Amino acid sequence: MHDFEYRGNELFCEDVPVREIVQQVGSPCYIYSHRTLLRHFLAFEDAFKNIPHLVAFAMKANSNLAVLRVLAREGCGADIVSGGELFRALKAGVPPQKMVFAGVGKSAEEIQFALKSNILMFNVESPGELLHINEVAGSLGMRARVALRINPDIDPQTHPYISTGLKKSKFGIRADRALEEFDIAQQLPHIDVVGVHKHIGSQLTKINPFVDALKKILELIGVLQTKGFNIQYLNIGGGLGITYSDETPPHPKDLAAAISPLLATVNCHLIMEPGRSIVGNAGILVTKVLYNKEAETKRFVIVDAAMNDLLRPSLYDAHHDILPVLKDESAPVNAVDVVGPICESGDFLAKDRKMGQLKQGDLLAVMSAGAYGFTMSSNYNSRPRVPEVLIKGQAIMIIRQRESYEDLIRGESIPEVLA
Ligand code: LLP
């Protein structure tokens with residue numbers, strides 16, 4: 001599943017002791033395994049090898065240039081959601097012809113940038129956006145390839161904050177207006193309708209919601225094809241879950257087995273947008289114990305990483321396993337809250353977690369932190385963002401430096417009148 005394993009009592013990433021990496025770059029830091037990353041991408045390639053397809057990595061999960069490059073070299077594309085992500089993907093060497101652009105609020109500048117970059121297509125999320133893209137393309141004397149993102153109203157059975165395909169969600173075009181919107185799109189002078197897109201949510205651990213949503217979309221494609229639309233692409237989004245604790249999510253092979261027979265009914269190029277399932281378990285966040293503290297009714301382990309470094313526990317109550325970098329099986333076990341230095345009660349990495357007694361300076365690995373970890377980090381409390389390191393075999397590669405205090409104030413100035 002991943003390449004973070006104990007050898008004896010010591011946690012390794014591939015062939016390097018995690019302790020050694022921290023000696024080089026300090027704590028906290030994100031560490032990614034090249035081998036895990038590659039294996040997880042190739043699992044998709046292998047599962048879908050008999051179907052014409054494009055894996056467009058959802059780079060919101062992890063947008064480090066080196067991570068993108070590892071994937072791009074293997075033929076991976078990118079699912080982008082902003083001008084910034086487009087900029088990064090280009091810098092990393094992802095071919096624009098393998099990029100799809102989703103998101104409910106694309107600005108004129110972002111649309112122009114994408115058109116000039118000649119990306120594969122926009123995934124359009126509303127009637128207003130469709131008209132806007134047509135207008136921007138017209139002003140550049142260009143045509144925009146689009147897929148309409150349809151909201152199939154399927155419950156993905158995941159955390160409400162990461163459910164995106166329900167009627168009440170802000171994403172996609174309502175299913176009952178889909179045909180109407182396709183008709184409008186077809187008439188627009190600067191739009192080429194090339195596909196249908198859906199994405200119903202993230203961290204899905206069952207296959208049924210994928211199948212149910214796909215059936216709805218295929219029905220729509222059937223109708224569109226009889227109406228003469230040339231639907232070349234079917235984009236099924238991302239969402240495949242990973243193991244954080246005891247989940248047993250479907251493997252890409254299971255997804256392929258479940259949906260391949262359905263796909264045979266339409267003659268479309270398949271696009272997928274996995275994020276978490278490629279990079280989630282390929283990364284950890286390493287943090288150091290600063291203090292043990294006993295409140296009247298609780299024990300706290302205060303560590304040097306915080307909610308600004310990994311927001312998922314605070315925001316979604318998400319579970320991440322936390323493992324000692326050096327195991328001591330004889331240590332007495334207590335239930336503790338693992339908390340960061342930030343001035344918020346919501347700043348925690350784990351609550352009531354049973355852990356062996358820790359002491360100042362001990363290193364902990366927060367597991368499954370490769371997706372939506374660094375990308376959701378911030379400078380809250382004026383904390384410099386932490387470095388990212390890529391491990392390949394015995395090689396330690398720093399792929400993002402730790403920010404400095406100077407980095408924190410870059411772009412700020414004190415106006416003359418305040419002198
Ligand atoms: N495609 C679209 C249109 C999406 O909105 C997303 C994720 C993906 C693909 C990739 O989904 P994945 O394969 O990674 O599940 N910050 C949250 C997750 C937010 C997901 C947003 N959209 C978390 O930490 O759990």
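Look up a bit, the structure's there.
A quick note: this is a predicted structure, and the numbers were derived from the prediction, not measured.

Conventions used here
Residues numbered from 1 in each chain as written. Predicted model: local features only at pLDDT ≥ 70, side-chain atom pairs only at ≥ 80, totals over all residues. Heavy atoms only, no water. Near = heavy atom within 4 Å. Polar contact = N/O pair within 3.5 Å; in protein donor to acceptor, adjacent residues only side chain to side chain. Areas by Shrake-Rupley, 256 points an atom, 1.4 Å probe, with all protein chains shown as cover. 1 Å grid on protein atoms, 1.4 Å probe; cavity = no way out; pocket = protein on both sides within 12 Å on 5 of 7 lines; lining within 4 Å. Sits in = over half its atoms within 2 Å of the grid points. Nonpolar A, V, L, I, M, F, W, Y, C, P; charged D, E, K, R; others polar. Domains from an automatic or database assignment. Points joined across faces, edges and corners; volume = space filled by probe spheres on them. Helix = DSSP H or I, 4+ residues; strand = E, 2+ residues; numbered from the N terminus. Phe/Tyr/Trp six-rings, centres within 6.5 Å; stacked < 30°, edge-to-face > 60°. Buried < 20%, exposed > 50% of the residue type's maximum accessible area, 1.4 Å probe, protein only. Lys NZ or Arg CZ within 6 Å of the ring centre and 35° of its normal.

Trainee: Which parts of the structure should I look at to understand the site of the ligand?
Mentor: By nearness alone, 18 residues border the ligand, and Ser 202, Glu 273, Arg 312, Tyr 316 and Tyr 372 come closest of all. A distance of 2.3 Å separates an oxygen atom of the ligand from a polar side-chain atom of Ser 202. With respect to the ligand, the backbone of Gly 275 contributes an N or O atom lying 2.9 Å from an oxygen atom. For the ligand, the protein covers 92% of the area, taking 580 Å² as the surface of the free molecule. Here the ligand is seated within the largest pocket. The class makeup of the residues in the shell around the ligand is 6 nonpolar, 6 polar and 6 charged. When we break the shell around the ligand down by domain, the ones giving at least three residues each are domain 1 (4-31 + 280-408) and domain 2 (34-278).

Trainee: Teacher, can you tell me more about the layout of surface pockets here?
Mentor: Leftover empty space is mapped by rolling, across the atoms, a probe with the size of a water molecule. Looking at the largest pocket, its volume works out to about 920 Å³. For the lining of the largest pocket, the elements supplying multiple residues, two or more each, are helix H4 (83-92), helix H11 (312-316) and strand E21 (395-400). Broken down by class, the residue content of the lining of the largest pocket amounts to 15 nonpolar, 15 polar and 13 charged. Along its surface, the second largest pocket is lined by 20 residues, and Pro 324, Leu 326, Lys 327, Asp 328 and Leu 358 are the ones closest to its centre. Only strand E16 (322-324) and strand E18 (348-356) provide two or more residues apiece to the lining of the second largest pocket. With 4 residues, E18 is the single largest residue contributor to the lining of the second largest pocket. In terms of residue class, the lining of the second largest pocket is made up of 9 nonpolar, 3 polar and 8 charged.

Trainee: I tried to follow the environment of Leu 358 on my own but got confused; where do I start?
Mentor: Within the secondary structure, Leu 358 is located in the loop between E18 and strand E19 (363-366). In this structure, the C-alpha to C-alpha distance between Leu 358 and Ile 242, residues 116 residues apart in sequence, is 28 Å.

Trainee: How do you make sense of the packing of aromatic side chains when you look at a structure like this?
Mentor: Each aromatic ring pair is characterised by the separation of its centres together with the angle its planes make. Applying the stated criterion across every chain yields a total of 4 aromatic pairs. Both rings, one in Phe 101 and one in Phe 122, keep their centres 5.8 Å apart while their planes meet at 25 degrees; by these two values the pair is stacked. Linking Phe 101 in strand E7 (residues 99-101) with Phe 122 in strand E8 (residues 121-124), this pair joins segments that are 21 residues apart in sequence. Note on Phe 182 and Phe 229: the rings are 5.8 Å apart at their centroids and 80 degrees apart in plane angle, and the pair reads as edge-to-face. Taken together, the residues span a long stretch of sequence, with Phe 182 in helix H7 (residues 178-187) and Phe 229 in the loop between helix H8 (208-226) and strand E12 (233-235) at a distance of 47 residues. For the pair formed by Phe 182 and Phe 229, the shared burial category is buried. Note that Arg 7 overlies the ring of Phe 12, its terminal NZ or CZ placed 4.6 Å from the centroid. The ring of Phe 101 carries Lys 106 above its face, with NZ or CZ at 5.6 Å from the centroid.

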